[in-house]
Amino acid sequence: MVATPLNVIGILREAITILARNGKFMLQVMLTILFPFSLIGLLHYLLAGFLIENVEDSYEKNSPLGQKDVRTLIGLELAFFAAFFFVCFFGIMLTIHASASSYLGQNMGLNDLISSIHYAWKKPLITWLCVSLFTLTYAALAIVLIKLVSLLDPNSYAIHLWGWFLTILAALFYLYLDASCTLALVISVLENDSCGTKGLKRSEKLIRGGKIQGFLLMFILTALVVPIYVLLYVTATDDDDELGPFAQFAFRFVATVLFCLSKFFVSVVFTVFYYECKQSEGERVVVELGVGYSLAPHKLDVEF
């Protein structure tokens, strides 16, 4: 099957088409992802909300913080961060598998989709951890470099401009690298023999002819999702006494829905990009859906 390579707009359009092509199934997947996110948000609001309020009140009034409250809050935040991390990870896996099946015209049920990731989550987790470590290392190095430049002459306007220039440059270069990292996660989900550093090397091989395309996709998606991330952070941490509890929870729920939709769409877009990269390299598309998948053969080969 010969297909014409898609440009950036074509990939985004194809991702939207995938969502519309199997709307009922993709909606089920989205709700499956949204439910645990909403539950975590609700539990965080109920369990950690009053502790955050106590800490903020103590800070505003310059009164000593209760050590018990601080320790409890730190423990709760770590627990919720871990829960958020794993729910996000499994949500991305679920979305990538669902996007792959829809892209290839497969018919499958939600139970089979969940079963497929039940048997194939370890290798994507290794890649996820490698990508997270890379992101933390890159961020730390960029912050140190920018801080060192600003210390050359804190009162110099030129140094201040250089600091902003390096910040923008570091952010853009990260997006350039992150396209390959995101593609590596898709590869580790859809290809059973690629994970961790091997998945990153595989990603570099596939994306070598489309790095600018990957960067542009990541730039557009980041421009769309960063405001949503900011909204989620503000609604999760801000304590507005003028709003009632119901209004506060409603705002957080809306922010959570938007966050899930953004992560969902990014995963769909890069699943399409994965197939485009394989097509550009002249490779056969091989989707590995794991042992639990039973509605179609274990391997499905589609030649481009």
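Each chain has its residues counted from 1, running along the sequence as written. Local features in this predicted model are restricted to residues whose pLDDT is 70 or higher, and side-chain atom pairs enter the listing and the counts only when it is 80 or higher, whereas totals over whole chains, interfaces and linings include all residues. The side-chain figures draw on all heavy atoms in the structure; neither hydrogens nor water molecules are used.

## Observations regarding the overall build of the protein
Numbered from the N terminus, helices here are DSSP runs of H or I no shorter than four residues, and strands are runs of E no shorter than two. Looking only at helices and strands, the protein has 9 helices and 2 strands in total. Whether two residues are in contact is decided by their heavy atoms, any of which lying within 4.5 Å being enough. Long-range contacts, defined here as pairs at least 24 residues apart, represent 77% of the contacts in the protein between residues at least 6 apart. For the protein, the exposed surface amounts to about 16600 Å²; the carbon and sulfur share of it is 70%. Exposure was quantified through the Shrake-Rupley algorithm and a 1.4 Å probe, taking into account, for residues, occlusion by the shown protein chains and nothing else.

## Quick notes on the environment of Gly 199
Mapped onto the elements of the fold, Gly 199 is located in helix 7 (residues 196-207). Categorising residues by exposure relies on relative accessible area from a 1.4 Å probe, with only protein chains included: less than 20% of the type maximum marks a residue as buried, more than 50% marks it as exposed, and the intermediate range marks it as partly exposed. Owing to a relative accessible area of 0%, Gly 199 belongs among the buried residues under this scheme.

## Brief notes about a nonpolar patch on the surface
A patch consists of residues whose relative accessible area exceeds 30% and which take part in no salt bridge; residues with like charges are grouped when within 9 Å of each other, and nonpolar side chains (Val, Leu, Ile, Met, Phe, Trp, Tyr) when within 5 Å. Put simply, a salt bridge is a Lys or Arg side-chain nitrogen that is within 4 Å of an Asp or Glu carboxyl oxygen. On the surface, Phe 35, Leu 39, Leu 42, Leu 43, Leu 46 and Leu 47 cluster together into a nonpolar patch covering about 540 Å² of accessible area. Inspection of the secondary structure assignment puts Leu 47 in helix 2 (residues 23-60).

## Concerning the pattern of salt bridges
Tallied over the full model, the rule gives 4 salt bridges. A salt bridge links Arg 202 to Glu 191; the shortest N-O distance between them is 3.1 Å. Of the two residues, Arg 202 is situated in helix 7 and Glu 191 in the loop between helix 6 (157-190) and helix 7; the sequence distance between them amounts to 11 residues. Classification of Arg 202 by relative accessible area gives buried; the value is 16%. For Glu 191, the salt bridge is made with Lys 278, and the minimal N-O distance between the two is 3.7 Å. Of this pair, Glu 191 sits in the loop between helix 6 and helix 7 while Lys 278 sits in helix 9 (residues 245-280), and the two are 87 residues apart along the sequence. With respect to burial, Glu 191 and Lys 278 carry one shared label: buried.

## What to know about the nonpolar core
To qualify as a nonpolar core, a set must consist of buried Ala, Val, Leu, Ile, Met, Phe, Trp, Tyr and Cys residues joined through side-chain atoms within 4.5 Å. The biggest cluster of nonpolar side chains holds 62 residues, and the ones touching the most others in it are Val 29, Val 269 and Phe 270. Here this core gets 14 residues from one element, more than from any other, and that element is helix 9. Ignoring anything within four residues of it in the chain, the contact list for Val 269 reads Ile 11, Leu 12, Ala 15, Leu 217 and Leu 221.

## Looking at the side chain of Ser 102
Here Ser 102 lies in helix 3 (residues 67-103). On the accessibility criterion, Ser 102 (3% relative accessible area) is buried. Other than its neighbours up to four places away in sequence, Ser 102 contacts Ile 18, Arg 21 and Asn 22.

## Remarks on the packing of helix 5 (residues 122-151) against helix 7
A fitted line through C-alpha atoms serves as each axis, taken over the contacting stretch for helices, and the angle formed by two N-to-C directions is quoted from 0 to 180°. Where helix 5 meets helix 7, the closest approach of the two axes is 8 Å, and the angle between their N-to-C directions is 75°. Relative to helix 7, helix 5 is oriented roughly perpendicular. Two secondary-structure elements touch here, helix 5 through Ile 126, Thr 127, Cys 130 and Val 131 and helix 7 through Gly 196, Thr 197 and Leu 200. Under the scheme applied, nonpolar residues are Ala, Val, Leu, Ile, Met, Phe, Trp, Tyr, Cys and Pro; charged residues are Asp, Glu, Lys and Arg; polar residues are all the others, including Gly. Residues of the contact of helix 5 with helix 7, tallied by class, amount to 4 nonpolar, 3 polar and no charged. Angle categories: roughly parallel below 35 degrees, roughly antiparallel above 145, roughly perpendicular from 65 to 115, and oblique for all the rest.

## Brief notes about the packing of aromatic side chains
Put simply, two rings from Phe, Tyr or Trp (the six-membered ring, in Trp's case) pair if the centres are within 6.5 Å, and we call them stacked under 30 degrees between planes, edge-to-face over 60, tilted for the rest. If you walk through the whole model with that rule in mind, you get 17 aromatic pairs. The rings of Phe 85, Phe 86, Phe 89, Phe 90, Trp 121 and Trp 128 are connected pair by pair, giving a single aromatic cluster.

## Some remarks on the packing of helix 5 against helix 6
It is the contact of helix 5 with helix 6, at a shortest axis distance of 10 Å, that shows an interaxial angle of 175°. Here helix 5 lies roughly antiparallel to helix 6, going by the angle between them. Taken together, the residues of the contact of helix 5 with helix 6 break down into 19 nonpolar, 6 polar and 1 charged.

## Quick look at helix 1 (residues 8-21)
Expected helix span is taken as 1.5 Å per residue step, with the number of steps being one fewer than the number of residues. The first and last C-alpha atoms of helix 1 sit 20 Å apart over 14 residues, in line with the 20 Å expected at 1.5 Å per residue. Taken as a whole, helix 1 has its buried residues at Val 8, Gly 10, Ile 11, Leu 12, Glu 14, Ala 15 and Ile 18. Pairing of N or O atoms within 3.5 Å defines a polar contact, subject to two protein rules: one partner must be a possible hydrogen donor and the other a possible acceptor, and residues neighboring in sequence count only if both atoms are side-chain atoms. The N-terminus of helix 1 is capped by Asn 7, whose side-chain oxygen sits 3.3 Å from the backbone nitrogen of Ile 9.

## Focus on the confidence of the model for the protein
Atom-level detail of predicted coordinates should not be read off regions where pLDDT is low. In the predicted model, the protein carries a mean pLDDT of 80, and the fraction of residues at 70 or more is 82%. pLDDT runs from 0 to 100 and stands for how confident the predictor is about each residue. Throughout residues 287-304 the model reports pLDDT below 50, and contacts reaching past four residues in sequence, or to other chains, amount to 56 contacts.

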